[in-house]
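# Secondary and tertiary structure notes
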Amino acid sequence: MNGSGYDPHTARLLPWTGPEGKPCYVLGDGSGYVSRMADDIESIQLGMADDLLGHATGLLADRKVTGAEIHFLASRLTESLREVKRVAESRGARLGAAEADPTDGNRPRRQEPDIGSH
């Protein structure tokens, strides 16, 4: 570990796959060219997912939509969900959430909202 608390030997899951659909990773501190490209692609993927959700809402409100249109929408939503899931896995791993030891007292904790105090 370096002084920043980031292990430069930690592998980052990239938002694309390699040959045969295998996952791609990069090692580093997150400031290199490949990491910056991955950040840009993740941003584009999340933006496209948001746009697709808006399109889906409009399409599903239309009572005259065809089965072929619904099938196409479902295919695009599936692709988008796969990309967003990959982004979430990558970011979660970088936060240490993916492989954190539940018995580790230094592990970040998720704080639940206090429902009774408004």
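For clarity, every value in this text was computed on a predicted model and none was experimentally measured.

Considering the arrangement of structural elements, one finds glutamate 42 in helix H1 (residues 33-61). Here arginine 12 takes part through its side chain, which lies 3.3 Å from a polar atom of the side chain of glutamate 42.

With that settled, the discussion passes to helix H2 (residues 67-94). Along its 28 residues, H2 runs 40 Å from first to last C-alpha, staying within 8% of the 40 Å computed at 1.5 Å per residue. Of all the residues in H2, the buried ones are Leu73, Ser80, Arg86, Val87, Ser90 and Gly92. In this structure, the buried side of H2 is in contact with strand S1 (11-17), strand S2 (23-27) and H1. One or two residues past the end of H2 sits glycine 96, with phi positive at roughly 90°.

Summary statistics for the protein give a mean pLDDT of 82 and a share of 74% for residues scoring 70 or more. Averaged pLDDT values over the elements of the protein bottom out at 92 in S1 and peak at 96 in H1. Predicted confidence for residues 107-114 stays below pLDDT 50, and this span has six contacts to residues more than four positions away or in other chains.

Here we take up unusual backbone geometry. Positive phi, close to 65°, is recorded for glutamate 20, a residue that is not glycine. When you line up the elements, glutamate 20 lands in the loop between S1 and S2.

Per the counting criterion, the structure on display carries zero aromatic pairs. A cation over a ring is seen here: arginine 76 above phenylalanine 72, with NZ or CZ 4.5 Å from the ring centre.

Another aspect to go through is the environment of alanine 88. Mapped onto the fold, alanine 88 is located in helix H2. By relative accessible area, alanine 88 is classed as partly exposed at 49%. Along the primary structure alanine 88 and proline 15 are separated by 73 residues, whereas in three dimensions their C-alpha atoms are 10.0 Å apart.

A separate point is the packing of H1 against H2. Put simply, H1 and H2 touch, their axes get as near as 9 Å, and they point 145° apart. In the crossing of H1 with H2, the sense of the turn from one axis to the other is left-handed. Of the residues in H2, those touching H1 at Asp39, Glu42, Gln45, Leu46, Ala49, Leu52, Leu53, His55, Ala56, Leu59 and Leu60 are Glu69, Ile70, Leu73, Arg76, Leu77, Ser80, Glu83, Val84, Val87, Ser90, Arg91 and Arg94. Of the residues in the contact of H1 with H2, the class split is 12 nonpolar, four polar and seven charged.

Cut-offs used in this document
Residues numbered from 1 in each chain as written. Predicted model: local features only at pLDDT ≥ 70, side-chain atom pairs only at ≥ 80, totals over all residues. Heavy atoms only, no water. Helix = DSSP H or I, 4+ residues; strand = E, 2+ residues; numbered from the N terminus. Polar contact = N/O pair within 3.5 Å; in protein donor to acceptor, adjacent residues only side chain to side chain. Expected span 1.5 Å × (residues − 1). Buried < 20%, exposed > 50% of the residue type's maximum accessible area, 1.4 Å probe, protein only. Contact = heavy atoms within 4.5 Å. pLDDT = per-residue confidence, 0-100. Phe/Tyr/Trp six-rings, centres within 6.5 Å; stacked < 30°, edge-to-face > 60°. Lys NZ or Arg CZ within 6 Å of the ring centre and 35° of its normal. Axes fitted to C-alpha atoms, helices over the stretch in contact; angles between N-to-C directions. Left-handed = near helix turned anticlockwise from the far one by under 90°. Nonpolar A, V, L, I, M, F, W, Y, C, P; charged D, E, K, R; others polar.

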